[in-house]
Amino acid sequence: MKRFAVLLLLVAGAATAAEIRSLDVRFEDGFYTMESTVWFDAGLQSTYEMFSRWDRSEAFSSAIVEARDLEPGDDGRPGFFVRNRGCILFFCKSLTREGWVEREQDVELRAMADPERSDFKVSNETWTFVAAEGGTIVTYHLYMRPDFWVPPAIGPYMIKRKLSRDAGRALDRIEALAQELDRTNARRD
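How each quantity is defined
- Residues numbered from 1 in each chain as written.
- Predicted model: local features only at pLDDT ≥ 70, side-chain atom pairs only at ≥ 80, totals over all residues.
- Heavy atoms only, no water.
- Helix = DSSP H or I, 4+ residues; strand = E, 2+ residues; numbered from the N terminus.
- Buried < 20%, exposed > 50% of the residue type's maximum accessible area, 1.4 Å probe, protein only.
- Contact = heavy atoms within 4.5 Å.
- Areas by Shrake-Rupley, 256 points an atom, 1.4 Å probe, with all protein chains shown as cover.
- Pairing = 2+ DSSP bridges.
- Salt bridge = Lys/Arg side-chain N within 4 Å of Asp/Glu carboxyl O.

(A) Inspection of the overall build of the protein chain at higher detail. Scanning the protein chain from terminus to terminus reveals three helices and eight strands. Counting from the amino terminus, helix and strand elements in the protein chain follow one another as α-β-β-α-β-β-β-β-β-β-α. Per-residue burial for the protein chain yields a buried fraction of 41% across its 189 residues. Taking contacts inside the protein chain between residues at least 6 apart in sequence as the whole, the part at least 24 apart equals 50%. For the protein chain, the computed accessible surface area is about 10,600 Å², with 53% contributed by carbon and sulfur atoms.

Dropping the structure here:
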């Protein structure tokens, strides 16, 4: 517990420079897509590790109220579980995603939600990782369709706005945690 408290202080005080290079959120035919490219001032392995462990998600996103890595299924693919809680104007919702992960170490992560165990008809995410400019560039692609009613008055515009607005805070936290992993790994070497 003490180690976690120290980590939170380090994250809160860390100088971060996560740079959103592109961000596009769209709504078309009932599907939301989000594509982004972000440069992190952190090493490739540490950045990849931050994204590849769902049990760390609560540390960088206030919308995530529960997250964990799940044991591999019969097909050998590891699983994930995430419960988000968020509000857009007066519309608040708790959303669950559970599915499986495909990994190519330090190169790519793919997470697909199982619609039978999720609040989404489709929720597919892909992250690609490239060492660049003394840090790491992460390209993200989300393709999703909720399996719940979205009020037309709130609808696509507000969801797009929320996805865009909340991204920056989470990215800075991810970067700070990855920088701490960089420092921890450097002390081990």
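(B) Broad picture of the pairing of strand 2 (residues 31–40). Burial within strand 2 is extensive, with eight of its ten residues counted as buried. When strand 1 (residues 19–28) meets strand 2, the two strands line up antiparallel, connected through nine bridges. Counterpart to Phe 27 in the pairing with strand 2 is Tyr 32. Two successive antiparallel strands, strand 1 and strand 2, enclose a turn made up of two residues, where Asp 29 displays a positive phi of approximately 55°. Inspection of the sheet shows strand 2 paired to strand 8 (residues 135–146) by nine bridges, in the antiparallel sense. What sits directly across from Val 38, in strand 8, is Val 138.

(C) Fine view of the pattern of salt bridges. A full pass over the atoms with the stated rule returns 18 salt bridges. Its salt-bridge partner being Arg 21, residue Glu 133 comes within 2.7 Å of it at the nearest N-O pair. With a gap of 112 residues between them, Glu 133 in the loop between strand 7 (120–132) and strand 8 and Arg 21 in strand 1 connect regions that are remote in the sequence. Here Arg 187 and Glu 180 are joined by a salt bridge, their closest N and O atoms 3.6 Å apart.

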